[in-house]
Amino acid sequence: PPPPPPPPPTHPLHDALPISGVGWPEAVKLRGEAEKLLGITREARLNHLVQTYTQKIESDPGKPSPYELRAAVYPDLGEYEKALADCDEAIRIQPEHYDGWLRRAEVNRSSKRYAAAADDAVNGIRRDPLRSWGWDELNHIVGAAKDTDELSAIDQLRRFLEQNATGLAGHAEALANLYQI
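Described in the following lines is the structure provided in the data block. Starting afresh in each chain, residues are numbered from 1 along the sequence in its written order. It should be noted that, the model being predicted, local features are given only for residues of pLDDT at least 70 and side-chain atom pairs only at 80 or more, the latter also being counted only at that level, while totals for whole chains, interfaces and linings use all residues. By convention in this description, side-chain values take in all heavy atoms of the structure and omit both hydrogens and water.

**Some words on helix α5 (residues 98–110)**
Segments assigned H or I by DSSP are reported as helices when at least four residues long, segments assigned E as strands when at least two residues long, and all are numbered from the N terminus. To estimate the expected span of a helix, subtract one from its residue number and multiply by 1.5 Å. Taking 1.5 Å per residue as the helical rise, α5 with its 13 residues ought to reach 18 Å, and the 18 Å between its terminal C-alpha atoms agrees with that figure. Accessible area is worked out with a 1.4 Å probe on protein chains only. A residue is then buried under 20% of its type maximum, exposed over 50%, and partly exposed in between. The buried fraction of α5 is high, at 11 of 13 residues. Residues of α5 that are buried: Y98, D99, G100, W101, L102, R103, R104, A105, E106, V107 and N108. Contact between two residues is taken to exist if any of their heavy atoms lie within 4.5 Å; hydrogens are not considered. Each element contacted by the buried residues of α5 is listed here: α3 (65–73), α4 (80–93), α6 (114–127) and α7 (132–145). K112 sits one or two positions beyond α5 and adopts a positive phi of about 65°.

Structural data, given as structure tokens:
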């Protein structure tokens, strides 16, 4: 029998193939092609990431970032509750850091919990209003929620934006999306 394939890379975007003279997008594309040839599936790569972040958590459970990073992988495996639990732990460890809040907003949006996603996005933006991730997530929530009956999430975001003028400069798209509904 052929030898087993090598373990998947530790992070799908950060472990680009070490090919000199090739730009980042091309290296990522080549790595993907190599994984196909070796029979490494997307699910195997994601499970390997979960294992990697779990090991980091076990070695230093007081750091929020491995929880937040593992939470980013779980939804791709359909594990939304595990992702939310990891976000909750990252927030418990470091409540003033925006990453846990915004990751939880993404997970809630992915699982169609728009009001909870809006609340988490607001909490993330409050912690760092100049960070574009929060505003981008807000746009994603609005785009997803406006086609549903969950207008409470949109109303919540409108109130937040009206009450918090700080940090709104440069975020006209977020405002325009809210008021097109």
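Picking up after the structure, the text goes on.
**Some remarks on the packing of α4 against α5**
In contact at an axis separation of 9 Å, α4 and α5 are set at 160° when each is read in the N-to-C sense. As summarised for this structure, α4 and α5 are arranged roughly antiparallel, according to the angle between their axes. By crossing handedness, the relation of α4 to α5 is classed as left-handed. Counted together, Y80, A83, L84, C87, D88, A90 and I91 of α4 and G100, W101, R103, R104, V107, N108 and S110 of α5 form the full contact between these two elements. Amino acids are sorted into nonpolar (Ala, Val, Leu, Ile, Met, Phe, Trp, Tyr, Cys and Pro), charged (Asp, Glu, Lys and Arg) and polar (every other residue, Gly among them). Grouping the amino acids of the contact of α4 with α5 by side-chain chemistry returns 8 nonpolar, 3 polar and 3 charged. All axes are obtained by fitting lines to C-alpha atoms, using only the stretch in contact for helices, and the reported angles, taken between N-to-C directions, cover 0 to 180 degrees. Here the word oblique covers every angle except those under 35 degrees (roughly parallel), over 145 (roughly antiparallel) and from 65 to 115 (roughly perpendicular). Left-handed describes a crossing in which the near helix is turned anticlockwise from the far one by less than a right angle; the clockwise case is right-handed.

**So, the packing of aromatic side chains**
Only Phe, Tyr and Trp rings take part, Trp by its six-membered ring, and two of them pair if their centres are within 6.5 Å. Stacked means planes under 30 degrees apart, edge-to-face means over 60, and tilted covers everything else. Counting across every chain of the model gives 1 aromatic pair. Seen in terms of ring centroids, Y98 and W133 are 6.4 Å apart; in terms of plane orientation they differ by 85°. Their pairing is edge-to-face. Taken together, the positions of Y98 in helix α5 and W133 in helix α7 put the pair 35 residues apart, joining distant regions of the chain.

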